[in-house]
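# Working through the structure, step by step
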Amino acid sequence: MITAIIFDLGGVLIDWKPEYLFRKIFETELEMRQFLDTVCTGEWNEEQDAGRTLKEGTAVLERQFPQHVENIRAYYGRWEEMLGGVIEGTVEIFKELKATGKYKTYALTNWSAETFPIAQQKYDFLNWFDGIVVSGTEKMRKPNPLFYQLLLERYHLQSDEVLFIDDNLRNVQAARKLGIESIHFKSFEALQIDLEERLRLL
């Protein structure tokens, strides 16, 4: 029986995309894509999610790509411009789940410890969770199985009694290997249908 719901944040409840910032900086979509694919890559950002400081991460790229220093510094210097707002449909589902009183709710997020407080100040719903585990604070991230186990142990949860929601299939597959029932998030409409089938409540 499901007693707790674990949400990913970025891409599920919060619309975050580097493209929102870098479309303002680059003249063409191609230039922006080349920069994000070869300089400020997703893999590089995940190192900060895993605990490397923003200063250290920025310095690494400045040494590698001195011709892009200004744009590299913009990544975290103008990080807030990557936030597109909340994904209203998912927040409404979250609210409905809370209102039933049947489920504890948690967040398991790959997020820098330095930028997460910005989101906490912007989005009140982050205070609704019974607990949040942030990768940058813990120095580990999804899909590391130890990161999932950390949340389960900290909040005294059993893997077969929780439901995990994430937009990254890699993270969903890692959770399933631990015996955690999981939903690969694609849209809030699809999520609502999936939850209706699994929980019979929405």
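The following paragraphs examine the structure supplied in this document.

### As for the overall build of the chain
Looking only at helices and strands, the chain features 11 helices and 7 strands. Relative to the 2.2 N^0.38 estimate, which gives 17 Å for 202 residues, the radius of gyration of the chain is 18 Å and therefore close to what a compact globule would have. For the chain, the spread of C-alpha atoms along the principal axes amounts to about 55 × 30 × 30 Å. In the chain, buried positions account for 47% of the 202 residues. Residue pairs in contact within the chain that sit at least 24 positions apart in sequence constitute 68% of those at least 6 positions apart. Here the chain displays about 10100 Å² of accessible surface, and carbon together with sulfur accounts for 48% of that area.

### A closer look at the layout of surface pockets
If you add up the space inside the largest pocket, you get close to 610 Å³. Taken together, 30 residues make up the lining of the largest pocket; nearest its centre are Trp16, Asn45, Glu46, Asp49 and Asn110. The element contributing the most residues to the lining of the largest pocket is helix α3 (residues 42-49), with 5 residues.

### Points about helix α5 (residues 69-77)
Along α5, the residues that are buried comprise Asn71, Ile72, Ala74, Tyr75 and Tyr76. Tucked inside the fold, the buried residues of α5 contact β2 (14-16), α1 (19-25), α2 (29-38), α3 and α4 (54-64).

### What to know about the environment of Leu13
Tracing the sequence through the fold places Leu13 in the loop between β1 (4-7) and β2. Distance in space between the C-alpha atoms of Leu13 and Ile87 is 5.1 Å, their sequence separation being 74 residues. If we ignore the near neighbours within four places in the chain, the residues touching Leu13 are Phe7, Asp8, Val86, Ile87, Thr90, Val91, Phe94, Phe125 and Phe129.

Cut-off values and rules
- Every chain is numbered on its own, with residues counted from 1 as its sequence reads.
- In keeping with the model being predicted, local features are shown solely for residues with a pLDDT of at least 70 and side-chain atom pairs are shown and tallied solely at 80 or more, while totals for entire chains, interfaces and linings include all residues.
- Based on all heavy atoms of the structure, the side-chain values leave hydrogens and waters out of the count.
- Going along the chain from the N terminus, every DSSP run of H or I of four or more residues is numbered as a helix, and every run of E of two or more is numbered as a strand.
- Within these notes, the globule rule equals 2.2 Å times the number of residues to the 0.38 power, and the radius of gyration is based on C-alpha atoms.
- Buried means the residue's accessible area, taken with a 1.4 Å probe over protein chains only, is under 20% of the maximum for its type, while exposed means over 50%, and partly exposed covers the values in between.
- The contact criterion used is simple: two residues touch if any of their non-hydrogen atoms lie within 4.5 Å.
- The protein chains shown are the only cover counted for residues, whose accessible areas, like all others here, come from Shrake-Rupley with a 1.4 Å probe.
- Only protein atoms enter the calculation, which uses a 1 Å grid: trapped sets of points that fit a 1.4 Å probe without letting it out are cavities, open sets showing protein on both sides within 12 Å along at least five of seven lines are pockets, and any residue with an atom within 4 Å of a point is a lining residue.
- Grid points are joined across faces, edges and corners, and a volume is the space filled by probe spheres set on the points.

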